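Here's the letter readout for the chains.
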Amino acid sequence: MIAANWKMYKTPDEAVAFVRAFIPLVAHHSHAEIVLCPSPTLLPTVVDAARNTPAHIAAQTMHWLDQGAYTGETSPLQLKALGVTHVLIGHSERRQYFNETDESVNLKLKSALAHGLVPIVCVGELLAERESGQTAAVLERQTSVALGGIDPAAASPLVIAYEPVWAIGTGRTATPEIADEAHKIIRAQIAKSLSPALAASTRILYGGSVKPDNTASLCALDDIDGALVGGASLDPASFAQIVANSAAK
Ligand code: PGA
């Protein structure tokens, strides 16, 4: 899976222009599930523009409840009604600026699975946590709380994105070795929390300053099953090149 996280960028016109330019560039690639994650106001436009193309559309977050008095929030029912099929959960910017916790990630994951949305759950350590030797403990905690009470029989759509916070938007990518080690920690936790079979089949993406020129070395590793791309996904040629280079495995 190669996913574009557009964050709070693009107007509807810019989003449509992206889709028109991007789709022909990836027409010959079928190795990756392509996902575009636009901000909420762009969702209907991008769902329309990407209809009958290989691109799937994800929301960048959602509430876990179907409806209610939650000003500013979006429910899974509303996303489904638009034709959205995937959802990012617990991105580090949501955790850092909007008080998302491991517990809210867990509620959102349960809700996404119940509604048939493909959840892409983001985990990752802060620089201070890495430097103080807490990376494994942080990844195990974030993963185990996210997966708490999840029925293994219903968990097969699950996707996890490992995004070390120090690598997001900084130009500082984790080396393939660092990413591989983290992915193995997350996979081992999935085995404990869900089952060894699910640990083997769950896709774990890497995110954090993924660019066309580092995609192949990351995606070549057995434990890296794709990428979640921020800055380099805003330009159609750059994102298409990432899709092409991800075929490295
Ligand atoms: P970046 O963002 O590629 O710009 O580092 C990744 C992300 O936040 O998902």
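Note that the structure is a prediction, hence the values are computed from the model and not measured.

Caption draft 1: Spatial organisation of the overall build of the chain. Scanning the chain from terminus to terminus reveals eleven helices and eight strands. For a compact globule of 249 residues, the expected C-alpha radius of gyration is about 18 Å, and the chain comes in at 17 Å, within 12% of that figure. Taken along its principal axes, the extent of the C-alpha atoms in the chain is 45 × 45 × 35 Å. Within the span of the chain, comprising 249 residues, buried residues form 51% of the whole. Pairs at least 24 residues apart make up 70% of the contacts formed inside the chain by residues separated by at least 6 positions. Element-wise, carbon and sulfur atoms account for 56% of the exposed surface of the chain, whose accessible area totals about 10800 Å². Separation of charge centres in the chain, based on 18 positive and 24 negative side chains, amounts to 2 Å.

Caption draft 2: Seen up close, helix 8 (residues 176-193). For helix 8, built from 18 residues, the straight-helix expectation of 26 Å at 1.5 Å per residue is met to within 8% by its first-to-last C-alpha distance of 25 Å. For helix 8, every residue scored as buried is listed here: Ala179, Asp180, Ala182, His183, Ile185, Ile186, Arg187, Gln189 and Ile190. Residues of helix 8 that are buried in the fold lie against strand 5 (118-123), helix 7 (135-146), strand 6 (159-162), helix 9 (196-201), strand 7 (203-207) and helix 10 (212-219).

Caption draft 3: Broad picture of the nonpolar core. The biggest cluster of nonpolar side chains holds 63 residues, and the ones touching the most others in it are Phe22, Leu36, Ile190, Tyr206 and Phe239. What Phe239 contacts, discounting residues up to four positions off in sequence, is Ile2, Ala3, Ala4, Phe18, Phe22, Ile34, Val35, Leu36, Val229, Ala232 and Ser233. Counting 13 residues, the second-largest nonpolar core is a separate cluster that includes Val35, Cys37, Cys122 and Leu205.

Caption draft 4: Focus on the pairing of strand 7. Burial analysis of strand 7 places four of its five residues in the buried class, which makes it a mostly covered element. Relative to strand 7, strand 6 is paired through four bridges, and the arrangement is parallel. Its bridge partner being in strand 7, Tyr162 is matched across the sheet by Tyr206. Here strand 7 pairs with strand 8 (residues 227-229) via two bridges, running parallel. In the strand pairing of strand 8, Tyr206 is matched with Ala227.

Cut-offs applied
- Residues numbered from 1 in each chain as written.
- Predicted model: local features only at pLDDT ≥ 70, side-chain atom pairs only at ≥ 80, totals over all residues.
- Heavy atoms only, no water.
- Helix = DSSP H or I, 4+ residues; strand = E, 2+ residues; numbered from the N terminus.
- Rg over C-alpha atoms; globule rule 2.2 N^0.38 Å.
- Buried < 20%, exposed > 50% of the residue type's maximum accessible area, 1.4 Å probe, protein only.
- Contact = heavy atoms within 4.5 Å.
- Areas by Shrake-Rupley, 256 points an atom, 1.4 Å probe, with all protein chains shown as cover.
- Lys, Arg positive; Asp, Glu negative; His and termini not counted.
- Charge placed at Lys NZ, Arg CZ, Asp CG, Glu CD.
- Expected span 1.5 Å × (residues − 1).
- Core = buried A, V, L, I, M, F, W, Y, C linked by side-chain atoms within 4.5 Å.
- Pairing = 2+ DSSP bridges.

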